[in-house]
Amino acid sequence: MFTTFDRYLLKRYFHVFIIGFIATYGLYVVFDGFTNIDGFQAEIKEDSSTSLLMVMLEYYTFRSSLFFDMVSPILTVLSGIVVFSLLVRHGELNPVLSAGIPTYRLAIPLALATIVVNCLIVANQELLIPKIADKLQAERGDLGSSAQFVEPVYDFSTRIMINGEQLYLTEKQMIKAEFVLSKPTVHDFVTVKSDEAFYQTETLDRPGGWLLKEANPNYEELEIAEFAKEMILPGTNPNDIFIVTDVGCDQLCNRNTSSLISTPDLIARINNPSFSDLSIRKQTLDLHSRLTRPLMNLIAVMMSIPFVLRKESRSQILNIAVCACVMGSLFAISQCFFYLGTTRMISPDQAAWFPVITCGALAAWFSNRVWT
């Protein structure tokens, strides 16, 4: 049962969190907006301040979801530190302790608030960001276009090199597409080009792949290896070619960035045989990082209590400074393990879960230092 004081702490926590997010995002908008004002003006047809402001408003509205995903873990910890600091600053902690209430009882509402924020982070990552991924990758002032530069990808499962000039995410279209196929002779290849290619997702009666419109050369003129004939199929039109591959639009641009896709899509990438071992390792590390982030946020909040409410402390400012150094050390520990994971010194799951174990043990170790 939550008491009036618990609701008071929750209200203060979310007040600090919301104000902190508005302040930091407002600072980002001002800095980024003035720095890249030319990018917004280049796409404005009407020379008016209203049109410019509307374009900027639309752009930064979409960017707010990505910014929320980035700064929420930091604001979660800062909000807890501010709440406990204000308790000491306003003399509200002494009456609570005098009533026989343990200090960690005050952490229950903050732990609940941290869980609520983590739920918002997960919902934002899994539901909102994937739906607006094309908007988040669009150029400033041109949200209506989903054009992206193509990053060449080698499909290890079909042994086909995929390249192109430009990619439209919304339309699943690639301009000036080039597919390098294996020929029957050893160490020889043939390149199939098309002015435009469309990616078709897998269905019950058809595999996924790229449909090349007016391909050059056409299917009848191709000289390809026997194993490739199962992946290179004729299209419905005589000059079209259908190439079976799991490499879709999202893998051809920003393929090393997994922050714009949902966890099921990330798992599908990991299980996709088309990618290299290095790419799969990076995606696996990102997957485990998503799973451990809520736990790390909660541990960081619990870790801050013994240092903000430190026994026999002489200065609250010194307590906050020490707490900031400890939080920085936790971040350094996490980054150290992530580096070991990327360099293959430890496995990706160990790189993601060892910081949770280490920081959790440290939080329990320092719990006896809290002001009681």
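Values in this document were obtained by computation on a predicted structure and should not be read as measured data. (Residues numbered from 1 in each chain as written. Predicted model: local features only at pLDDT ≥ 70, side-chain atom pairs only at ≥ 80, totals over all residues. Heavy atoms only, no water.)

Caption draft 1: Spatial organisation of the side chain of Asp286. In this structure, Asp286 sits in helix α8 (residues 277-308). Its relative accessible area of 16% is what places Asp286 among the buried residues. Within the local environment of Asp286, its side chain forms a polar contact with the side chain of Lys282, the two groups lying 2.9 Å apart. Aside from chain neighbours lying at most four places away, what touches Asp286 is Ser258 and Leu266. (Helix = DSSP H or I, 4+ residues; strand = E, 2+ residues; numbered from the N terminus. Buried < 20%, exposed > 50% of the residue type's maximum accessible area, 1.4 Å probe, protein only. Polar contact = N/O pair within 3.5 Å; in protein donor to acceptor, adjacent residues only side chain to side chain. Contact = heavy atoms within 4.5 Å.)

Caption draft 2: How the structure looks around the nonpolar core. Formed by 48 residues in total, the largest nonpolar core has its most connected members in Phe21, Phe40, Phe84, Leu106, Met303, Leu309 and Met327. Filtering out sequence-adjacent residues up to four positions away, Leu106 remains in contact with Phe5, Leu9, Phe84, Leu87, Leu93 and Val96. Judged by nonpolar contacts, the second largest core, of 31 residues, contains Ile162, Met174, Phe179 and Ala228. (Core = buried A, V, L, I, M, F, W, Y, C linked by side-chain atoms within 4.5 Å.)

Caption draft 3: The packing of helix α9 (residues 316-342) against helix α10 (residues 348-365), seen in detail. Contact pair α9 / α10: the axes reach a minimum separation of 8 Å and the direction vectors enclose 155°. Classified by the interaxial angle, the pair formed by α9 and α10 is roughly antiparallel. The element α9 and its partner α10 pack so that their crossing is right-handed. Between α9 and α10, the residues in contact are Leu330, Ile333, Ser334, Phe337, Phe338 and Gly341 and Ala351, Ala352, Phe354, Pro355, Thr358, Cys359 and Leu362, respectively. Residue classes in the contact of α9 with α10 are distributed as 10 nonpolar, three polar and no charged. (Axes fitted to C-alpha atoms, helices over the stretch in contact; angles between N-to-C directions. Parallel < 35°, antiparallel > 145°, perpendicular 65-115°, else oblique. Left-handed = near helix turned anticlockwise from the far one by under 90°. Nonpolar A, V, L, I, M, F, W, Y, C, P; charged D, E, K, R; others polar.)

Caption draft 4: How the structure looks around the side chain of Asp32. Examined against the element boundaries, Asp32 turns out to sit in helix α1 (residues 4-35). Given the relative accessible area of 9%, Asp32 is considered buried. Discounting chain neighbours no more than four positions away, the residues touching Asp32 are Tyr59, Tyr60 and Arg140.

Caption draft 5: Representation of helix α3 (residues 49-89) in the model. End to end, α3 covers just 46 Å across 41 residues, shorter than the expected 60 Å (1.5 Å per residue, more than 12% under). Roughly 45° is the biggest bend found in α3, and it falls at Val71, with proline Pro73 one to four residues downstream. Backbone geometry just after α3 places Gly91 at a positive phi near 70°. (Expected span 1.5 Å × (residues − 1). Bend = angle between axes of the 7 residues up to and from the residue.)

Caption draft 6: Geometry of α8. With 32 residues, α8 ought to run about 46 Å at 1.5 Å a step, and its terminal C-alpha atoms sit 44 Å apart, in line with that. Its axis deflected by about 40° at Thr292, α8 carries its strongest bend there, up to four residues before the proline Pro294.

Caption draft 7: Seen up close, the packing of α3 against α9. One can describe the packing of α3 onto α9 by two numbers: an axis separation of 11 Å at closest approach and a directional angle of 160°. For the element pair α3 / α9, the angle class is roughly antiparallel. When the axes of α3 and α9 are compared, the crossing they make is right-handed. Facing Val77, Ile81, Ser85 and Val88 of α3, the residues of α9 in contact are Gln316, Ile320, Cys323 and Met327. Among the residues forming the contact of α3 with α9, the class breakdown is six nonpolar, two polar and no charged.

Caption draft 8: Region of interest: unusual backbone geometry. Cis geometry marks the peptide bond from Asn216 to Pro217, where omega comes out at 0°. Relative to the assigned elements, Pro217 resides in the loop between β7 (209-213) and β8 (232-234). The phi torsion at Arg159 lies on the positive side, around 55°, for a residue other than glycine. Tracing the backbone through its elements, the reader meets Arg159 in the loop between β2 (153-155) and β3 (160-163).

Caption draft 9: Main features of the environment of Ala361. By the element assignment, Ala361 lies in helix α10. Spatially, the C-alpha atoms of Ala361 and Met303 are 9.9 Å apart, while their sequence positions differ by 58 residues.

Caption draft 10: Main features of the pairing of strand β9 (residues 241-244). Both faces of β9 are covered, namely the face carrying Ile241 and Ile243 and the face carrying Phe242 and Val244. In this sheet, β9 lies alongside β7 in antiparallel orientation, the contact comprising four bridges. Along β9, the bridge assignment pairs Leu212 with Ile241. Where β8 meets β9, three bridges bridge the pair, whose relative direction is antiparallel. Each residue of the ladder has a partner; that of Leu233, found in β9, is Phe242. In textbook terms, the turn of a hairpin is the stretch between consecutive antiparallel strands, and for β8 and β9 this stretch comprises six residues. (Pairing = 2+ DSSP bridges.)

Honestly, it's all geometry; don't read function into it.
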